[in-house]
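Close look at the chain arrangement
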Amino acid sequence: MLDLSLLPDGGVSWLDASGEHAGIVLSTRIRLARNLEGFAFPGRARDGERLRVLSRVREAMDAIPSMRSHLLVRVDNIGNEERLLLHERHLVSKELAGLDPQHPVRSGAAVFLGDGMGVMVNEEDHLRLQTLRSGFALSDAFADIERIDGELGARVPFAYHEEFGFLTSCPTNTGTGMRASVLIHLPGLVLTKEIGKTLAGLQQMGLTYRGLYGEGSEVVGNFFQISNQTTLGRPEEEIIDQLMYVLRTVISREEDARRVLLRDAGYIIEDKLWRAYGTLRYARSLSFEEAMNYLSGVRLAVGLKLISGLSVYTLNKLLIFSQSAHLAHAEGKALTESEANLVRARYVRQLLADETGTNG
Amino acid sequence: MLCDNCKERDSVVTLTTSDAQGVTELHLCERCAAERGIETQMAAPKQPLTDFILAVQKQLPATLLESSRCSFCSGTLRDFKNTGRLGCAYCYQTFESSLRDLLRRVHGNSRHAGKRYQPPQPAVAEDATVLSELRDRLRRAVEQEQFEEAARLRDQIKVME
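The sections below set out a description of the structure shown in this document. Just so we're clear, the structure is a prediction, and the values are computed from it rather than from any experiment.

1. Here we look at the pattern of salt bridges
For the structure shown, the criterion picks out 33 salt bridges over all chains. Glu95 of chain A is the partner of Arg85 of chain B in a salt bridge, and the nearest nitrogen-oxygen pair spans 2.7 Å. Here the residue Arg85 of chain B occupies a position in the loop between α4 (77-83) and α5 (91-94), and Glu95 of chain A occupies one in the loop between α2 (80-88) and β3 (110-114), the pair thus bridging two chains. Across the pair, exposure class does not vary: Arg85 of chain B and Glu95 of chain A are buried alike. Two residues, Arg128 of chain A and Glu124 of chain A, come together in a salt bridge whose shortest N-O distance is 3.6 Å. The exposure class of Arg128 of chain A is buried, given its relative accessible area of 8%. In this structure Glu124 of chain A comes out as buried when scored by relative accessible area, which is 11%. The structure contains a network of salt bridges with shared partners spanning Glu95, Arg106, Glu123, Glu124, Asp125 and Arg128 of chain A together with Arg85 of chain B.

2. Concerning unusual backbone geometry
In most cases, non-glycine residues show a negative phi, while peptide bonds are predominantly trans. Residues and elements named next belong to chain A. We note that His21 has phi near 55°; this positive angle belongs to a residue other than glycine. Its place among the elements puts His21 in the segment before β1 (25-34). A relative accessible area of 30% means that His21 is categorised as partly exposed. Phi is positive for Asn222, close to 60°, though the residue is something other than glycine.

3. As for the packing of helix α6 (residues 236-282) of chain A against helix α10 (residues 337-356) of chain A
Residue and element names in this part refer to chain A. Between α6 and α10, the shortest axis-to-axis distance is 7 Å and the interhelical angle comes to 110°. The angle between the axes of α6 and α10 places the two elements in the roughly perpendicular class. Residues Tyr277, Leu280, Arg281 and Tyr282 of α6 pack against Val348, Arg349, Leu352, Ala353 and Thr356 of α10. Grouping the constituent residues of the contact of α6 with α10 by class yields six nonpolar, one polar and two charged.

4. Here we look at the nonpolar core
Across soluble globular proteins, nonpolar side chains have a tendency to be buried as a group. Residue and element names in this part refer to chain A. Ranked by size, the top nonpolar core spans 56 residues in total, and within it Ile184 and Phe224 carry the most contacts. The greatest single-element share of this core, amounting to nine residues, is contributed by α6. When sequence neighbours within four positions are dropped, the list of residues in contact with Ile184 reads Ile24, Val25, Asn222, Phe223, Phe224, Ile226, Leu247, Val250 and Ile251. Within the second largest apolar cluster, 32 residues are counted, among which are Leu183, Leu261, Ala276 and Ala283.

5. Section: the interface of chain B and chain A
Across the boundary between the two partners, chain B contributes 52 residues, which contact 60 residues of chain A. Summed over the shared surface of chain B and chain A, the number is eleven salt bridges. Among the salt bridges present, the one from Arg52 of chain A reaches Asp136 of chain B, with a minimum N-O distance of 2.7 Å. Joining chain B to chain A, the criterion identifies 23 residue pairs in polar contact (both at pLDDT 80 or more). Residue composition of the side of chain B that touches chain A, grouped by class: 24 nonpolar, 13 polar and 15 charged.

6. Focus on the side chain of Asp76 of chain A
All names here are of chain A. In this fold, Asp76 is placed in the loop between β2 (71-74) and α2. Within the structure, the side chain of Asp76 is placed 2.9 Å from the side chain of Arg74, a separation counted as a polar contact. Not counting residues up to four positions away in its chain, the partners in contact with Asp76 are Val105, Arg106, Ser107, Gly108 and Ala109.

7. Observations concerning helix α9 (residues 324-331) of chain A
Residue and element names in this part refer to chain A. Looking only at α9, the buried set comprises Ala325, His326, Leu327 and Ala328. Elements that come into contact with the buried residues of α9 comprise α2, α8 (312-321) and α10. Gly332 occupies a position one or two residues after α9 and carries a positive phi of about 75°.

What counts, and where the lines are drawn
- Residues numbered from 1 in each chain as written.
- Chains lettered and ligands numbered in written order.
- Predicted model: local features only at pLDDT ≥ 70, side-chain atom pairs only at ≥ 80, totals over all residues.
- Heavy atoms only, no water.
- Salt bridge = Lys/Arg side-chain N within 4 Å of Asp/Glu carboxyl O.
- Helix = DSSP H or I, 4+ residues; strand = E, 2+ residues; numbered from the N terminus.
- Buried < 20%, exposed > 50% of the residue type's maximum accessible area, 1.4 Å probe, protein only.
- Axes fitted to C-alpha atoms, helices over the stretch in contact; angles between N-to-C directions.
- Parallel < 35°, antiparallel > 145°, perpendicular 65-115°, else oblique.
- Contact = heavy atoms within 4.5 Å.
- Nonpolar A, V, L, I, M, F, W, Y, C, P; charged D, E, K, R; others polar.
- Core = buried A, V, L, I, M, F, W, Y, C linked by side-chain atoms within 4.5 Å.
- Polar contact = N/O pair within 3.5 Å; in protein donor to acceptor, adjacent residues only side chain to side chain.

Any functional reading would require information beyond the geometric quantities listed.
Written out as C-alpha cells, the structure reads:
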C-alpha cells in the first residue's frame, strides 16, 4: 500500500504558500527530459530494457548522497487508485501513471521522490527530472534542477548529440529538454476580459499555457500553467530569464486588473466573491469543477483582502485534497461520483470551519 | 479580416486546432478570444507536435517513410508519423536530414545552444549487459522481419558467447 506520509513533506511542500507572489503564483516547476545512451526510448523498449534502465538509475541515485534517501515508488506495482492519487498530487504525469488510455502503465515505470523534487523513470523519456517550488521561484527551481542533472549525468551516460543537444523521444523536447512552468491564478484578467490579449501575447513571445494538470488539460478555476514552448536554439538561462520577465508583466497586469475590478465594479465583485464563499461554507454537494470555480473566487477575495482569517495555504490544500482519489483515500473506500460530491462538500466545509473557527 | 465568431470586429488572433478531420483555423477578435479563454474551451494555442507530424507527412514521399529503418530500434519514419515519437537516440542519426528540417520548423532553430554535456567515461562494459542489449535488438529485428540485421546480430552474439 502506498504511504505518501513517508515523504518528507507528503510531496506537497510547494503548497505552503511561502514563495514570492504566492497569492497569485501557486508554484514553479522545471523539468528536464533525459534519456540513457544505449537503450531504446521507453515507448519502443522491451520490458527487460526498461527494467535495466530503472536499475541503472537506481544505482546512480544510491551513489548520490543527497538523493540516497529518496522514496522509490514502483508505479508499475501499485493499483489504479494509488496511481491516480500520485497524479492528483502532481508527483507523476498522466502518462507515467498509465491513466492515458493510449499509454497503459509500462513495466519499469517508477518515480523517485524527495523534498520538492522527483525523478520519473520510463515515462515518455527514460528520465524526467523535476523540481517544484512554492510561489514564483524560477531561479531557485533552476538551481535545484541543474544540481540534480549534473549529479545524475555524471553517473549515467545521457543520450546527447553535438548539434541537436539532449535527445528525446518527442522532438518537441530536443535540445535543452527543459520545460519551465509557473502555475498562476488569473481571475482578474479573466473577469476584466483581458485574458485573451494576455494569452495571445504569450504566444508571440514563444510561450504557451495549459491547464492545472499540464499537457492536454483544460483550464479550470482560472489556473493557468505558463511555460516555454521551444527547447532548441537558446541556452537554458535565456529561456528562464525570458519566462521570468514575461511572468512579472503578467503578474503586474493581474494586479492592475484586480484594482480595476474593485474600483469599477466594487460591490458586484464583492457580492460574487462572498456568494462563492457562502456556497463553499454551506453546500452539501460539490462537483470538483464547481469547487474549483468557487475556490477561485475565494482565493481572489483573500487576495483583495475582502475575506480575512483564511490562509492561501488552506486554499492550496483544498485544491489538492478535494480531488476524487484523495477523497476516496481519506474515506478508505472507492466513491461513486455523487458520493464523492457529498464527501467533497463535507471536507471543504470542515476545513473552512476549522480555519475560521466557526461551524458550517 | 473579420472575426469568424462575431463577424463584426477585426480578428487579431488565429487559433489553430487539429483533429481527425484536419486542421481548422479560426480568426478571432480580442473579445471573442477572451470569451473563449473564460469558457475554457480555448484550444491549446499552438500544437507544435501536430504541425510537426503533418509536416513529416507533407514533406516525405510515402516510399521514403518505409525505406530507411533505424539499425538500433528498427523504427521507420512511418512509425514516427503514427506515434509522434522516435524509437531511440540513434533515430536522430538515421533520419538526420529530415529531422533537422523539422526541428527547425518546430523550434525555429536546429542547433542546440544550451548546456554542453560530456558523458561519464564508460567503465569497462560488462559483457552481460552488452549481450542482453544485443539480444533485445535481435528480438526486435526478428519481430520487424529484418532478417539481414538479425543474422548479423546473431553472429555477433555467437562471438561473444
